[in-house]
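Report on the structure
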Amino acid sequence: MFAYLVRRVGQAMAVVIGVSIIVFFLMHLLPGGERALLGARATPVQVHAFVVANGLNHPIWVQYVDYMGQLLHGNLGYSYHYNESVNSLLAANIPKSALLVGVSVVIALLIALPLGVIQAVRRNSPVDYVFTGASFVGYSMPVFWLGIVLIGWFALDLHWFPAEAPQGAGVGAAFSQPRAMVLPVATLVVVNVALFSRYVRSAALDNLVQDYIRTARAKGIPERVVLLRHMLRNSLIPVVTILGLSMPFIFSGALIVESVFNYPGMGLLFWNAAQIHDYPILVGGTLVVSTAAVVGSLLADLAYAALDPRVRYV
Amino acid sequence: MTEAQRVECTSLLRVDGLKTEIRQRHATIRAIDGVSFSVAQGETVGLVGESGSGKTMTGLSIIGLLPPGGRVVGGRILFLGQDLARLPARAMRAVRGSGIGVVFQDPMTSLNPCMTIGDQIVEPIRAHRESDRKAARRRALELLDLVGVPQAKERLKDYPHQLSGGLRQRVMIAIALSCDPKLLIADEPTTALDVTIQSEILELLGRLKAALSMSMLLITHDLGVIAGHADRVIVMYAGRIVEEANASELFAQTRHPYTGALLASIPEVDEGTDRVLYSIPGVPPDLSQDRQGCAFAPRCDRATGRCEVDDPQLEGCADHSAACFNPLTTEEGSGRSPMHAVAVEPRRPPPSSADKRAPLLVVDHVVKTYPVTTGVLRRRIGAVNAVSDVSFTMTQGETLGLVGESGCGKTTLGKMIVALERPDAGSIVFDGIDLTKQSNRATRTMRRNFQLIFQDPYSSLDPRMRVGPALREPMVINAIGNGVSRDRRITELLGDVGLSKEAVRYYPHEFSGGQRQRIGFARALTLSPRLIVADEPVSALDVSIRSQLLNLIKRLQEAHELTYLVISHDLSVVRYLADRIGVMYLGKLVEIGTCEQVYGRPAHPYTAGLLAAVPIPDPARERAKRRIPVNGELPSARNPPSGCRFRTRCPRAQERCTVEEPVLQAVSGTDHQAACHFPLVATDVGKSAQRDGSRAFGSDGA
Amino acid sequence: MATTRDPLATRALVERTAAPEGGEAVASRGIWRVILDVFLQNRLAVVGVGIVVFFLLFCFVGPLIYRTTQVVTNLTLIHLAPSSQHLLGTDADGYDELGRLMVGGQTSLEVGLAAAVVATLWGTLWGAVAGFVGGAVDAVMMRIVDSVLAIPPIFLLLFLATAFTPSVSMLIFVVAFVSWVIPARLVRGESLSLRSRDFILAVRGMGSRDRRLVLRHILPNAVGPMIVYATFAVADAILLVAALSFLGLGIPPPAANWGEMLSNGLNYIADGWWWLVYPAGLCIVLVVVAFNFIGDALRDAVEVRLQRR
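Residues numbered from 1 in each chain as written. Chains lettered and ligands numbered in written order. Predicted model: local features only at pLDDT ≥ 70, side-chain atom pairs only at ≥ 80, totals over all residues. Heavy atoms only, no water.

Along chain B, the regular secondary structure elements total 26 helices and 24 strands. In chain B, which comprises 702 residues, the share counted as buried stands at 60%. Summarising the internal contacts of chain B: among those between residues at least 6 apart in sequence, 69% fall at separations of at least 24. As presented, chain B carries roughly 26100 Å² of accessible surface, and 50% of it is formed by carbon and sulfur atoms. (Helix = DSSP H or I, 4+ residues; strand = E, 2+ residues; numbered from the N terminus. Buried < 20%, exposed > 50% of the residue type's maximum accessible area, 1.4 Å probe, protein only. Contact = heavy atoms within 4.5 Å. Areas by Shrake-Rupley, 256 points an atom, 1.4 Å probe, with all protein chains shown as cover.)

Here it is as structure tokens:
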């Protein structure tokens, strides 16, 4: 088990380093990188001074090593647009995004698990068709459209919830305006339920035909126990893995939701940075989000090990 | 059990006109089509048939656990006065696990991988009996002891993957018996297990059945298992019962031609290779089609016009009935293999091993280990000794059988001989050329001389390639012949393996398992190889198809002057095909000799135990057979026992076996070698085996 | 040793029955027929094909019948509600909405299909090379895949989109760049599992070189899963392009695509101009659902081909 853990952490670190290389080289291969860093109005002299000051005249791998050195000291760079270090910008925005993603993933799981199981157990019944169809549609909807439609119905027509997410810095703002959180969370929940329930359904279908389910039924225990104690737990194993691998997609959805509802989190920051070509934020943000995704799949693997004794006792 | 006794006992289970259908995508399969039988208190009824006969569906219908699409559409299933076919779900649950216990075929998949053994045994106890957790736990412990799981207390906390197949099946039995069921349904309980483990499990089942005064429905394809353990036997074919009789009666006085043919198609472990095995032509019927007349008629050589029109009903006395218009006469049906008369043909004499020709293949001190790694850097923490210092030689034209249980290294050895794996040490010399020393390119050009036949006919052919191109491919790769000559060769070979030349137009999925195995042989033969390594060539096939293939394998040997290395766990198959036998255990060759020597006078205790464990399809001999125990479970190949690897399971093991590794040495005559410090001599165990053997040969003349 | 060779004796056994001893094959329809059959049995898939065909006609034949101008803005005609003149009204630039849906759909479908094909082909090549070469090359190639996969696609898209001037071909490249990793993983996994299959061993045992194994056996067997993946990839690509347009990084006007139209229309949700909000969204949902239906059914159908055992 310990060896498995160590190996898994090692792999995760390799992936994070890989991400840093890809992002770093992409940025430097982009046309006019340093000009982009300073803004379009920079004079050639300013650019030259900047290049020398930041070691941009060194070979690219030297620059990468420098950059990584900075990273290892926890320095993600400096945003010239906000005149603030990327670190503090991210630190201010990440908690709110984490809250949004965390709450909606938990709610989505609580809905998707029973839903997927019901679909599998009632396979090819009207119930299954309706929910499967609904999850197909949910999965096929552009996230931003869903968000706007929800705003149209619940904020503009019915006036149940505000159209804009809680503003103000810090996680506290979200708690002080819980009603404003409803629509952004609901949007992400719908998308994620559509995604998760398909996985749960197929995992449950796979498990329902397994021999040990037949054994459990042959014991004469109630069907509810067969499903909950035997099938659900075994179905969770593949679902958890896929969940870990879906983290990048969940984060993508969160970015769009933040843009739609003007939710001041990491995604909004990133989007704004993209519009004004603020590369330090883009690079730092991509690194942090990717690392979070890698950590997410690492946690999923740990959960996997906790669920599956075959992994635990190797 | 006599007729009088049976009338005395009330019948526990009565199945009456049972009809079960399975609805599939395109068709409805009539899996069971009017089956009636009963199981009396304390009786073991054997339900025997090939795949698709409806035997398993019968068991699943009784406990109401049919696969999706399956449904009982007619008849009654009376168990203790209740009709199970019409019982509401809740009442049915009360019967399952409590009134009826079930043991399924595959212990590897039948236990929940995420739950401890203890929890899984406790579950039915708490559902039906004890609500007290502690008491249920105690009962679980008791049960594990009862089914012979060592260190039961520690095992309770184990997960299934930590136990071997044999132990898992014992756990399954403990679960089935947890609430003292009146009826135990054992569906192929030992098919997935090694033969030595099989005999232990069967014995355990028999013992427990008697001790707990249960009835048992033993469902199996193996007539040998039935012969040893059933009081009464029901033979099924195509969803119907074709014959039903007391066990001894059935084997001694077979009535139905199908039963007779089935018995005649089984090669026996104590029988020589000097006859052509009877084989039932054709394939079982498609159960989704309407049937008319007797389902077996198209394959039956006694069929008359009436058989194709009218439906035969079970007829006869309570002791023995058969559904046939032209049953075998007393004369034909008696004798061990009733159909012998049909197909006895003289066989070629086996090549004498005294033949002083240069050997075709010399395997010399071959070693193959697979590393076991761990950690970030894949640090090597050990090695599995798949093949450990094995040597033997083969001469042109002979058949060497290699037998052993799972994990003994026989498959790895086979792959090394056809150069699909490279040994770590030792040499494999084929026709004077050391394969282990060849470059990749040289090996490639050598390959046409030796071909491998695979066990699973479903995965050995490319599903995307028609049979024609698949057969042409080896010749294309090796640049043999031109278009015309290749096609001619393919037609010729298809004829040789008993397929029509039309086969070239079809894809593999359009053939049955037996046909695909024939195609596999045709493909191997396109290159005119000299050596064919056949790895479990018939173990995926049903009895009636298996005998067709066995005969084909022999016929091809004569027609194409082949040398065979036949690898199998099935001792009777190997006996039927081989001239010489090698026995492997945990990567070691423990005994080698001619068939007569190894089967008649086994010198290694493992060989003797293995032979004794093979069930013989004849109740009289099977029950009279002396048991030679091979105790316990197979040790891990990662940490094989010191000295003699078999010592942990050997009844004769002594101090010396722990410290000193025995080497192969001659026991009786130079050809017969065994690796044992205390080999058995004829007076020990050979006597009983020999007695059986001589009787077998004696009755052969009939 | 003299082997008795009497072909007649062995033949005799064969010819006892008229049919060959092994019996004939049970002719089922060809593999593609079986796949088609299973596919057509899935009603949702048929609906999906219907929708895709409809939209292809709508986008590529529609403009020939329903003629509108989509290049010149006409500020006298902005924000008109649906009428007999403009069946779905007009937008903020005075373009006819229905006509714009047709033209915009061309771009969405083209980009979606092209990006899916490029991503699948490149990913297949990458995965196949990694799987066959193995060893260190495989390890490096797959770590690259893992890394790209770890970057949330929208973040990567934004990153790339800031750097490149948007155009149709750039959009295809950018979307393909974030999507090629999944087929790469799939193909590598598939080829590794195929490599250990018996039929591959059998062909190797006949003396085949690796090239033949790959070209004649492994690739044909990997085609099915790849087609399935490509179908899903079309759906994902259309969604990605739409998202990118919403985020303001799509193709600039007057070129149109559904995502662009939708995100423009969303500004007017408060004004009750539903024709600018729902039709474009519905088009995207329908086409994406259709491709997902097709992909789902194809996956079942491809798995079914080996079912008869």
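This next bit is on the pairing of strand β10 (residues 240-246) of chain B. Remember that side chains alternate between the two faces of the sheet whenever the strand is regular. Residues and elements named next belong to chain B. Most of β10 is tucked away, with seven of its seven residues classed as buried. When strand β9 (residues 232-237) meets β10, the two strands line up antiparallel, connected through six bridges. In the sheet register, valine 233 faces β10, and the bridge partner there is alanine 245. Here β9 hands over to β10 after two residues, with alanine 238 in that stretch at a positive phi of 50 degrees. Judged from the three bridges that link them, β10 and strand β12 (residues 320-322) form a sheet pairing that is antiparallel. Bridge pairing in β12 links glutamate 244 to serine 321. (Pairing = 2+ DSSP bridges.)

With that out of the way, let us pick up the sheet that holds strand β19 (residues 531-535) of chain B. To summarise the sheet geometry, strands pair through backbone hydrogen bonds and adopt either a parallel or an antiparallel arrangement. Residue and element names in this part refer to chain B. One open sheet accounts for eight strands, arranged β18-β19-β20-β15-β21-β22-β24-β23; its pairing is mixed. Each of the sheet's edge strands pairs with one partner strand only, and the pair in question is β18 (450-453) and β23 (665-666). Where β23 and strand β24 (residues 673-674) come together, two bridges link them in antiparallel fashion. Following the sheet pairing, glutamine 665 is matched in β24 by alanine 674.

Our focus in this paragraph is the packing of aromatic side chains. To describe a pair of aromatic rings, you give the distance between the ring centres and the angle between the ring planes. For the coordinates displayed, the defined rule picks out 21 aromatic pairs over all chains. Ring geometry for phenylalanine 154 of chain A against tryptophan 160 of chain A: centres 5.6 Å apart, planes inclined by 40 degrees, an arrangement best described as tilted. According to the relative accessible area criterion, phenylalanine 154 of chain A is partly exposed, its value standing at 23%. Between the aromatic rings of phenylalanine 270 of chain A and phenylalanine 155 of chain C, the centroid separation amounts to 4.6 Å while the plane-to-plane angle is 55 degrees, which identifies the pairing as tilted. Residue phenylalanine 270 of chain A is found in helix α12 (residues 266-275), and its partner phenylalanine 155 of chain C is found in helix α7 (residues 153-163); the two belong to separate chains. Residues phenylalanine 270 of chain A and phenylalanine 155 of chain C agree in their burial class; the two are buried. Joined through ring pairs, the aromatic side chains of Phe54, Phe55, Phe58 and Trp258 of chain C make up one cluster. Across the ring face of tyrosine 139 of chain A, the terminal group of arginine 198 of chain A is positioned such that the distance to the ring centre comes to 4.6 Å. The positively charged end of arginine 214 of chain A is found above the aromatic ring belonging to phenylalanine 104 of chain B, 3.9 Å away from the centroid. (Phe/Tyr/Trp six-rings, centres within 6.5 Å; stacked < 30°, edge-to-face > 60°. Lys NZ or Arg CZ within 6 Å of the ring centre and 35° of its normal.)

Before going further, it helps to spend a moment on the sheet that holds strand β4 (residues 70-79) of chain B. Residues and elements named next belong to chain B. Strand order in this open sheet of four strands is β2-β1-β4-β5, and the pairing throughout is antiparallel. At either end of the open sheet lies a strand with only one pairing partner, and these are β2 (28-40) and β5 (82-83). The pairing of strand β1 (residues 11-23) with β4 spans eight bridges and is antiparallel. Opposite glutamate 21, over in β4, you have arginine 71 as the bridge partner.

All names here are of chain B. The backbone of glutamine 151 shows a phi angle near 45 degrees, a positive value even though the residue is not glycine. Mapped onto the elements, glutamine 151 comes out in the loop between α5 (133-146) and α6 (152-155). At glutamate 536, a residue that is not glycine, the phi angle is positive and equals roughly 50 degrees. Here glutamate 536 is to be found in the loop between β19 and α20 (543-560).

Here the focus is the interface of chain A and chain B. Taken residue by residue, the interface counts 26 residues in chain A and 30 residues in chain B. Approximately 2400 Å² of surface area, both sides summed, lies buried where chain A meets chain B, with 61% of it carried by carbon and sulfur atoms. Scanning the region where chain A abuts chain B turns up two salt bridges. The partner of lysine 219 of chain A in a salt bridge is glutamate 123 of chain B, and the shortest N-O contact between them spans 2.8 Å. (Buried area = accessible area lost by both parts, 1.4 Å probe. Salt bridge = Lys/Arg side-chain N within 4 Å of Asp/Glu carboxyl O.)

Turning to the domain arrangement of chain B, a few remarks are in order. Residues and elements named next belong to chain B. Under the domain assignment, chain B is made up of domain 1 (110-178), domain 2 (254-340), domain 3 (361-578) and domain 4 (596-691). Every contact between the two is made by 20 residues of domain 2 and, on the other side, 16 residues of domain 3. Taken together, both faces of the contact between domain 2 and domain 3 bury some 1300 Å²; the carbon and sulfur share is 62%. The tally of links between domain 2 and domain 3 comes to zero salt bridges. Counted by class, the side of domain 2 that touches domain 3 contains ten nonpolar, five polar and five charged residues. (Domains from an automatic or database assignment. Nonpolar A, V, L, I, M, F, W, Y, C, P; charged D, E, K, R; others polar.)

The next point concerns the confidence of the model for chain B. Residues and elements named next belong to chain B. Looking at chain B as a whole, its pLDDT mean stands at 83, while 89% of the residues score no less than 70. When the criterion is pLDDT under 50, residues 337-346 qualifies, and its contacts beyond four places in sequence or with other chains add up to 27 contacts. A low-confidence stretch, residues 685-702 stays under pLDDT 50, and its non-local contacts, those more than four residues away or across chains, total 30 contacts. (pLDDT = per-residue confidence, 0-100.)

As a further point, take the pattern of salt bridges. Inspection of every chain in the model, using the stated rule, returns 40 salt bridges over all chains. One salt bridge in this structure joins aspartate 296 of chain C and arginine 198 of chain A, with 4.0 Å as the shortest N-O distance. Taken together, the positions of aspartate 296 of chain C in helix α13 (residues 278-304) and arginine 198 of chain A in helix α9 (residues 178-208) put the pair across two chains. Lysine 437 of chain B serves as the salt-bridge partner of aspartate 434 of chain B, at 2.9 Å between the closest nitrogen and oxygen. Judged by its relative accessible area of 15%, aspartate 434 of chain B is buried. Taking the relative accessible area as the measure of exposure, lysine 437 of chain B reaches 64% and is therefore exposed. A single salt-bridge network, built from bridges that share partners, covers Lys19, Asp33, Arg240 and Asp311 of chain B.

The next thing to look at is the packing of helix α11 (residues 210-246) of chain C against helix α12 (residues 258-265) of chain C. All names here are of chain C. Put simply, α11 and α12 touch, their axes get as near as 7 Å, and they point 40 degrees apart. Taken together, the axis directions place α11 and α12 in an arrangement best described as oblique. By crossing handedness, the relation of α11 to α12 is classed as right-handed. Here Ala242, Ser245 and Phe246 of α11 come into contact with α12, specifically with Gly259, Glu260 and Ser263. (Axes fitted to C-alpha atoms, helices over the stretch in contact; angles between N-to-C directions. Parallel < 35°, antiparallel > 145°, perpendicular 65-115°, else oblique. Left-handed = near helix turned anticlockwise from the far one by under 90°.)

This paragraph deals with the packing of helix α7 (residues 165-177) of chain B against helix α8 (residues 195-211) of chain B. Residues and elements named next belong to chain B. One way to put it is that α7 packs onto α8 with a least axis distance of 10 Å and a crossing angle of 15 degrees. For the element pair α7 / α8, the angle class is roughly parallel. Note that α7 runs across α8; the crossing there is right-handed. Facing α7, whose interface residues are Gly166, Gln169, Arg170, Ile173 and Leu177, α8 presents Ile197, Glu200, Ile201, Leu204, Leu205 and Leu208. Here the contact of α7 with α8 is built from residues that sort into seven nonpolar, two polar and two charged.

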